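Here's the letter readout for the chains.
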Amino acid sequence: MSIGTGIATGKIILMGEHSVVYGEPAIAFPFAGAKVQVEITANETNTLISSYYHGLLEEVPSHLKNVKDLLHRLQQDFHTGPFATSIVSTIPSERGMGSSAAVAVALTRAFFDWIKKDFTKEELMTYVNFSEKIAHGNPSGIDAAAASGTDAIYFIKGHPITSFPLTIDGYLLVADTGIKGQTREAVKSVAHLFETSKQLASQAIQRLGIETKRAKEAIIANQLEVLGESMNNAHQALQQLGVSNQQLDQLVSLALAHGAYGAKLTGGGRGGCMIALTKTKEQAENISRILLSDGARAAWIQGLGVYEHV
Ligand code: MEV
């Protein structure tokens, strides 16, 4: 019996979360440390097998509505019979790593593979954005864009995605607070801040935009210190927007106290993950040990230089 398979990676937002929703640029890249794999096969009924649920697709819990509605839409659009979908993921969910977008990318790829049909990037994005709207309300599309490609991207909402190589001599440590992030709530609370303290909110968003552009230049010019400074300024602006929390701030301070060039939260915030920039792998490993002994749940290290990706 034919099996359709699809794979996608998680993503890390280096710069620009939240401000990207308001039209400012963001930099993100696929995160090699975590991926999701989906398999689809014909079946008597629509079923879903994942670590969160095993049973009829029609009866999935409400937090999997994004998955259910996407599979129904694909089934309707392409008039297929029922099928079984299995999802295996190493991307921690609700930790700012774009787990829901990656699942949607892998599902859509697996479905097209199963029906043996080629698809364009635009078609893929249409289905992933449909699913992401259900998961997050008003997504900028950055998670979907980062999870569907292989390069770092410079992303502006509503514009064509441009990729660029990460060729900076540094390492990025990603540490998980172990607390579920709350992207939907955090995005809503920034919108609320715009209503109650417009000046504060727009200044913080503008600052994030400026720092993201500066970070891009720093990456191109291989200036680690400048990139680190931009990350620190971005974290402050995200604090002003109210999307950090005590655990993220604590891990950020600890990383800086132990020699990181810069550190900030990544993704939606209010939990989830933080990132720290170091010159060497040893520094990243050292800080990783310190953060893990101070309560971080997990940590990953990714090289940012071009040679790290080969
Ligand atoms: C979530 O990974 C990134 C946010 O900027 C939301 C979005 O862009 O849709 C917080």
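Residues numbered from 1 in each chain as written. Predicted model: local features only at pLDDT ≥ 70, side-chain atom pairs only at ≥ 80, totals over all residues. Heavy atoms only, no water.

1. Points about unusual backbone geometry
For step 1, the next point in the chain: Here the phi dihedral of Glu94 falls at roughly 55°; this positive angle occurs in a residue that is not glycine.
For step 2, the next point in the chain: The residue Glu94 is located in the loop between β5 (83-89) and α2 (99-114) in this model.
For step 3, the next point in the chain: With a relative accessible area of 43%, Glu94 lands in the partly exposed category. (Helix = DSSP H or I, 4+ residues; strand = E, 2+ residues; numbered from the N terminus. Buried < 20%, exposed > 50% of the residue type's maximum accessible area, 1.4 Å probe, protein only.)

2. What to know about the site of the ligand
For step 1, the next point in the chain: Neighbouring the ligand are 13 residues, the closest being Lys11, His18, Pro139, Ser140 and Asp143.
For step 2, the next point in the chain: Between the ligand and Ser140, the relevant distance is 2.6 Å, taken from an oxygen atom to a side-chain nitrogen or oxygen of the residue. (Near = heavy atom within 4 Å. Polar contact = N/O pair within 3.5 Å; in protein donor to acceptor, adjacent residues only side chain to side chain.)

3. Some remarks on the domain arrangement of the protein chain
For step 1, the next point in the chain: You can read the domains of the protein chain as domain 1 (3-164) and domain 2 (171-307).
For step 2, the next point in the chain: Here the C-alpha centre of domain 2 lies 24 Å away from the C-alpha centre of domain 1.
For step 3, the next point in the chain: Of the roughly 3000 Å² buried between domain 1 and domain 2 on both sides combined, carbon and sulfur atoms contribute 67%.
For step 4, the next point in the chain: By the criterion of area lost to domain 2, the three top residues of domain 1 are Met15, His18 and Arg95, representing 25% of everything that side buries.
For step 5, the next point in the chain: Summed over the shared surface of domain 1 and domain 2, the result is 3 salt bridges.
For step 6, the next point in the chain: The partner of Asp176 in a salt bridge is Arg95, and the shortest N-O contact between them spans 2.7 Å.
For step 7, the next point in the chain: Across the domain 1-domain 2 interface, the total number found is 10 residue pairs in polar contact (both at pLDDT 80 or more).
For step 8, the next point in the chain: When residues of the side of domain 1 that touches domain 2 are traced back to their parent elements, those giving at least two are β1 (3-15), β2 (26-42) and α3 (121-136).
For step 9, the next point in the chain: Here the residues of the side of domain 1 that touches domain 2 are counted per class, giving 18 nonpolar, 7 polar and 5 charged. (Domains from an automatic or database assignment. Buried area = accessible area lost by both parts, 1.4 Å probe. Salt bridge = Lys/Arg side-chain N within 4 Å of Asp/Glu carboxyl O. Nonpolar A, V, L, I, M, F, W, Y, C, P; charged D, E, K, R; others polar.)

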